Amino acid sequence: MDTTDPKDIVRRGYDALAARYDEAFGGDTKYRPWLDELRRLLPAGGTVLDLGCGNGVPVARTLTDAGHPVTGVDISEVQIRRARERVPGAEFHRADVTDVSFEPGSFDAVVSFYTLIHLPLAEQPPLLRRIARWLRPGGRFVATTGHGAWTGTDEDWLGGGAPMWWSHTDAAGYREWITRAGLTVEREEYAPEGDGGTGHALFWARRPVSP
């Protein structure tokens with residue numbers, strides 16, 4: 001175990017504080033408006049990849065219940081175990097999201113909520129390019145990213161005694177990265193977080209349909 005590896009800090013943080021994270025960020029109700037919109041945009045039976053799926057709730061559960069095959073990936077062994085218990089109808093993999101591989105055109109949507117911001121900056125643009133390839137023409141990419149640029153660690157994340165690490169550029173940087181990956185940004189929103197005046201960017205992007 002490398003206690004200085006940012007990804008190992010992230011993995012251990014979510015392993016240690018999975019339940020506390022659910023309590024802090026709303027569990028079943030978080031992302032509801034985003035998921036409602038995504039369900040309206042997806043074709044019947046459309047396949048979804050959830051990068052950074054956590055415990056499978058609400059993304060995998062909501063979409064699976066709506067008839068969409070879901071594949072979830074998360075670096076936390078604890079979260080993947082919980083996801084398999086909560087959403088037995090989905091497929092889950094314990095892996096670094098930058099290590100997984102799928103066939104081109106495998107998914108109608110890729111969802112990544114609060115996951116890119118836990119990756120080293122240099123690894124984020126290559127992952128976005130791979131996501132673009134995994135999408136079918138017309139497929140959707142929905143992701144939260146940093147709104148302002150920052151890299152740092154909270155040594156007592158959520159007051160639970162474990163550290164957590166983040167790294168992100170600003171919203172303009174993510175817009176450029178997503179566009180360079182070959183996706184069309186259709187909408188960008190500000191997603192506030194709590195009452196502390198902080199927040200993230202929410203991007204809705206699409207793989208162009210070839211003429």
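Here, every reference points to the structure presented above.
Sequence positions are assigned chain by chain, starting from 1 and proceeding in written order. Selection of residues for local features in this predicted model requires a pLDDT of at least 70, selection of side-chain atom pairs for listing and counting requires 80 or more, and totals for whole chains, interfaces and linings are taken over all residues. Side-chain measures were taken over the full set of non-hydrogen atoms in the model, leaving aside hydrogen atoms and water.

(A) Looking closely at the overall build of the protein chain. Helix numbers and strand numbers start at the N terminus; a helix is a DSSP run of H or I with at least 4 residues, a strand a run of E with at least 2. The number of helices and strands found in the protein chain is six helices and nine strands. With respect to the three principal axes, the spread of C-alpha positions in the protein chain is 55 × 35 × 35 Å. In the protein chain, which comprises 211 residues, the proportion classed as buried is 53%. Two residues qualify as a contact provided that any one of their heavy atoms is within 4.5 Å of a heavy atom in the partner residue. Partitioning the contacts of the protein chain with sequence separation of at least 6, the portion at a separation of at least 24 is 64%. The buried label goes to any residue with under 20% of its type's maximum accessible area, the exposed label to any with over 50%, and the partly exposed label to all in between, with areas taken from a 1.4 Å probe on protein chains only.

(B) Structural view of the sheet that holds strand β2 (residues 70-74). Within the open sheet, the seven strands sit side by side as β3-β2-β1-β4-β5-β9-β8. Their pairing is mixed. One side of each edge strand has no neighbouring strand; the edge strands of this open sheet are β3 (91-94) and β8 (184-193). When strand polarity is set aside, the average angle formed by the axes of neighbouring strands in this sheet is 15°. Any two strands with at least two DSSP bridges between them are considered paired. Judged from the four bridges that link them, β2 and β3 form a sheet pairing that is parallel. Note on geometry: axes are lines fitted to C-alpha atoms, helical ones only across the stretch in contact, with angles between N-to-C directions running from 0 to 180 degrees.

(C) The packing of helix α5 (residues 124-134) against helix α6 (residues 171-180), seen in detail. Two elements in contact, α5 and α6, have axes separated by 8 Å at closest approach and are oriented at 45°. As summarised for this structure, α5 and α6 are arranged oblique, according to the angle between their axes. Pair α5 / α6 crosses with right-handed handedness. Residues Gln-124, Pro-125 and Leu-128 of α5 touch α6, and the partners they reach there are Tyr-174, Trp-177 and Ile-178. Broken down by class, the residue content of the contact of α5 with α6 amounts to five nonpolar, one polar and no charged. We call two directions roughly parallel when the angle between them is under 35 degrees, roughly antiparallel when it is over 145, roughly perpendicular when it lies between 65 and 115, and oblique otherwise. Helix crossings fall into two classes, left-handed where the near helix is turned counterclockwise from the far one by less than a right angle and right-handed where it is turned clockwise. As a working rule, the residues Ala, Val, Leu, Ile, Met, Phe, Trp, Tyr, Cys and Pro are called nonpolar, Asp, Glu, Lys and Arg charged, and the rest polar, with Gly in that last group.

(D) Representation of the packing of aromatic side chains. Under the pairing criterion, centres of Phe, Tyr and Trp rings, with the six-membered ring standing for Trp, must be within 6.5 Å; the plane angle then separates stacked pairs below 30 degrees from edge-to-face pairs above 60, leaving the rest tilted. For the structure shown, the criterion picks out twelve aromatic pairs. For the ring pair Tyr-31 and Trp-34, a centre distance of 5.5 Å and an interplane angle of 10° mean the geometry is stacked. Comparing Tyr-31 with Trp-34 shows no difference in burial state: the two are buried.

(E) Representation of the layout of surface pockets in the model. The volume enclosed by the largest pocket comes to roughly 570 Å³. Definitions used throughout: a 1 Å grid over protein atoms alone; a cavity as a set of points that fits a 1.4 Å probe which cannot get out; a pocket as an open set with protein on both sides within 12 Å along at least five of seven lines; a lining residue as one with an atom within 4 Å of a point. Lining the largest pocket we find 24 residues, and of these Phe-25, Tyr-114, Trp-166, Glu-193 and His-200 sit closest to its centre. Those elements giving two or more residues to the lining of the largest pocket turn out to be α1 (6-25), β6 (150-157), β7 (162-168), β8 and β9 (198-206). Taken together, the residues that form the lining of the largest pocket break down as 13 nonpolar, eight polar and three charged. Grid points are joined across faces, edges and corners, and a volume is the space filled by probe spheres set on the points.

(F) The arrangement of the pattern of salt bridges in detail. By definition here, a salt bridge exists when the distance from a side-chain nitrogen of Lys or Arg to a carboxyl oxygen of Asp or Glu is within 4 Å. In total, this model carries twelve salt bridges according to the counting rule given. The salt bridge partner of Arg-12 is Asp-8, with a shortest N-O separation of 3.0 Å. Here Arg-12 pairs with Asp-8, and both are found in helix α1, just four residues apart, close to one helical turn. On the accessibility criterion, Arg-12 (22% relative accessible area) is partly exposed. Overall, Asp-8 belongs to the buried group, its relative accessible area being 10%. Of the charged contacts in the structure, one is a salt bridge between Glu-37 and Arg-187, with a shortest N-O distance of 2.9 Å. Pair noted here: Glu-37 is in helix α2 (residues 32-41) and Arg-187 is in strand β8, with a separation of 150 residues, a long-range link.

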